[in-house]
Amino acid sequence: MIEELTRRETLRRGLAAAGLLALIPEGAIPALADDETDVPFTDIPKSFNPNNPNAPTRMLDIRKIDGMLTPKDQFFAINHFSRPDVDGASYKLKFTGMVNKAAGFSLADLKAMKSNDVVVGFECSGNSPRSVQGLSSCGKFTGVRLSALLKQVGVGTAAREVVFFGADRGPQDVVFRQQTFKLEQQFGRSCTLENALKPEPLVAYALNGDPLTKEQGFPVRLIMPGWYGVANVKWLSEIHLQEDRYLGNFQARWYRTLRGVGGTGEEKDPATQWVESEITHMQLKAVIARVRKSAGAYQVLGFVLNDGTPLKSVEVQVDGGAWQKATLDSSNSQYSWKLFTYRWEGATPGEHTIVARATDAKGTAQPTSADLSRKKTFLEDNGQFPRKVMIG
Ligand SMILES: Nc1nc2c(c(=O)[nH]1)N[C@H]1C(S)=C(S)[C@@H](COP(=O)(O)O)O[C@H]1N2
Ligand SMILES: [Mo]
């Protein structure tokens, strides 16, 4: 895709010279050309250190986004235990619990089945301005539909919940009332059987056409298009079917949101309900990632993440002025991140504040951070993210 965009850009330049530019769709996001420069952001925290190979968490430097697919060595990476070494040759994906026949699929078995490619963008539910929104990326994943595997093993009649375990494990605090147990835990997440049988979930073995990297879950991971990062279980080793809800730490304790609904939002207002919810589908979020100067004009680039609902609009506001329509990129697809560009006319020297907001076809609008004040926990921060830039 990046190569494609570069080719498209070369073409664009040729056509521009020939006065035929109008033939090319607006909004393609090419790599920075020789005569273009990045406009610096003045809001990057001093401590921000993206793409540090030694850090346990790798963040994407969103100022470097130059196409749909995040290169594998820049793709953000988060893990709760140390990254396990899984041997691809002896790997088996086990199906256990309420299945008609317990089964194991080797990497070769999976690769022999019908493969699907899907471009999926996702973010960690903890992504926020603190990490300059760098806990996000977009890749092309290749794999087998989860529904096809479930069909092959046969789902038991009582099964309602599908649990996905990674090969990573370690001691963790398990809290029950006032007691805390230190117990060996495996990374696990679950979803309902209904969600598992949808066509989207993918048991993936490749990222951008190459085998998964160790950071991204080699040899096999789950991809849940439209869901937050945590649902995409890496180093996938076992899929367990059961009747009851799965209540592991990463499902029922760590990854939840607590927010006030109704009433005034005052903690003592009986009309306000304090609702706890699971971290599942991504909340609508637009982020300005990059601003570039090209032949005296300024172009703002950004991305939108959401649950796959079509977008109605993405708008950009400069220094508190009127909201202006941004252009969605022609390379976007339903579950990719949605790239957008905005041509910033009349930018004057000095510091400016720019912000983006997205609205989807169901009318869901991206909140401001003030709108999120009733959210008590820090996950699912999809508030608008005003950026500061310096025009030279
Ligand atoms: N097995 C396993 N899968 C995991 C995790 C983990 O710790 N172990 N972290 C999750 C979280 S919190 C996120 S945000 C995503 C990050 O995916 P990435 O590292 O490919 O960017 O992986 C998810 N899958
Ligand atoms: Mo995450």
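The structure presented is a predicted model; accordingly, all values stated were derived computationally and were not measured.

**Structural notes on the packing of aromatic side chains**
Turning to step 1, where the next piece is worked out: Considering all chains together, one arrives at 12 aromatic pairs under this definition.
Turning to step 2, where the next piece is worked out: On the numbers, 4.7 Å between centres and 35° between planes, the contact of Phe187 with Phe250 is tilted. Residue Phe187 is found in strand β7 (residues 179-192), and its partner Phe250 is found in helix α5 (residues 249-253); the two are separated by 63 residues along the sequence. Each member of the pair, Phe187 together with Phe250, is buried.
Turning to step 3, where the next piece is worked out: Three or more aromatic residues link up through ring pairs in this structure, and these residues are Phe75, Phe76, Phe122 and Phe141.
Turning to step 4, where the next piece is worked out: Residue placement shows Arg387 over the ring face of Phe41; its charged tip is 3.9 Å from the ring centre.

**Observations regarding helix α3 (residues 146-153)**
Turning to step 1, where the next piece is worked out: Along α3, the residues that are buried comprise Leu146, Ser147, Leu149, Leu150 and Val153. All buried residues of α3 fall inside an arc of 160° around its axis, so they share one side.
Turning to step 2, where the next piece is worked out: Gly154 sits one or two residues past α3 and shows a positive phi near 85°.

**Structural notes on the site of ligand 1**
Turning to step 1, where the next piece is worked out: Taken together, 21 residues sit near ligand 1, with Phe76, His80, Asp168, Arg221 and Lys234 positioned nearest.
Turning to step 2, where the next piece is worked out: In this structure, an oxygen atom belonging to ligand 1 sits 3.0 Å away from a main-chain N or O atom of Ile78.
Turning to step 3, where the next piece is worked out: Note that a nitrogen atom of ligand 1 is positioned 3.1 Å from one of the backbone N or O atoms of Asn232.
Turning to step 4, where the next piece is worked out: Surface burial for ligand 1 is 100%, taken as the share of its 530 Å² of free accessible area covered by protein chains.
Turning to step 5, where the next piece is worked out: In terms of residue class, the shell around ligand 1 is built from 11 nonpolar, 6 polar and 4 charged.

Conventions adopted
- In every chain, residue numbers begin from 1 and rise along the written sequence.
- By the order in which they are written, chains take letters starting at A while ligands take numbers starting at 1.
- Whole-chain, interface and lining totals are the exception, using all residues; otherwise, since this is a predicted model, local features are given only for residues with pLDDT of at least 70 and side-chain atom pairs are given and counted only at 80 or more.
- Hydrogens are left out, water is left out, and the side-chain values use all remaining heavy atoms of the structure.
- Stacked, edge-to-face and tilted are the three classes for Phe, Tyr and Trp ring pairs, Trp counted by its six-membered ring, which pair at centre distances within 6.5 Å; planes under 30 degrees apart are stacked, over 60 edge-to-face, the rest tilted.
- Secondary structure elements follow DSSP: runs of H or I of four or more residues count as helices, runs of E of two or more count as strands, with numbering from the N terminus.
- Relative accessibility thresholds used throughout: buried, under 20% of the residue-type maximum; exposed, over 50%; partly exposed, between the two (1.4 Å probe, protein chains only).
- Charge-over-ring contacts are defined here by two conditions on Lys NZ or Arg CZ: a distance within 6 Å of the ring centre and an angle within 35 degrees of the ring normal.
- The directions considered for the arc run from the helix axis to the C-beta atoms.
- When at least one non-hydrogen atom of a residue lies within 4 Å of a molecule or strand, that residue is treated as near it.
- Polar contact is defined as a pair of N or O atoms within 3.5 Å, subject to the rule that within protein one atom must be able to donate a hydrogen and the other to accept it, and that residues adjacent in sequence are counted only when both atoms are side-chain atoms.
- The Shrake-Rupley method, run with a 1.4 Å probe, gives the accessible areas here. Residue values count only the displayed protein chains as cover.
- Any residue that is not Ala, Val, Leu, Ile, Met, Phe, Trp, Tyr, Cys, Pro, Asp, Glu, Lys or Arg is counted as polar, Gly included; the first ten are nonpolar and the last four charged.

None of this, on its own, says anything about what the molecule does.
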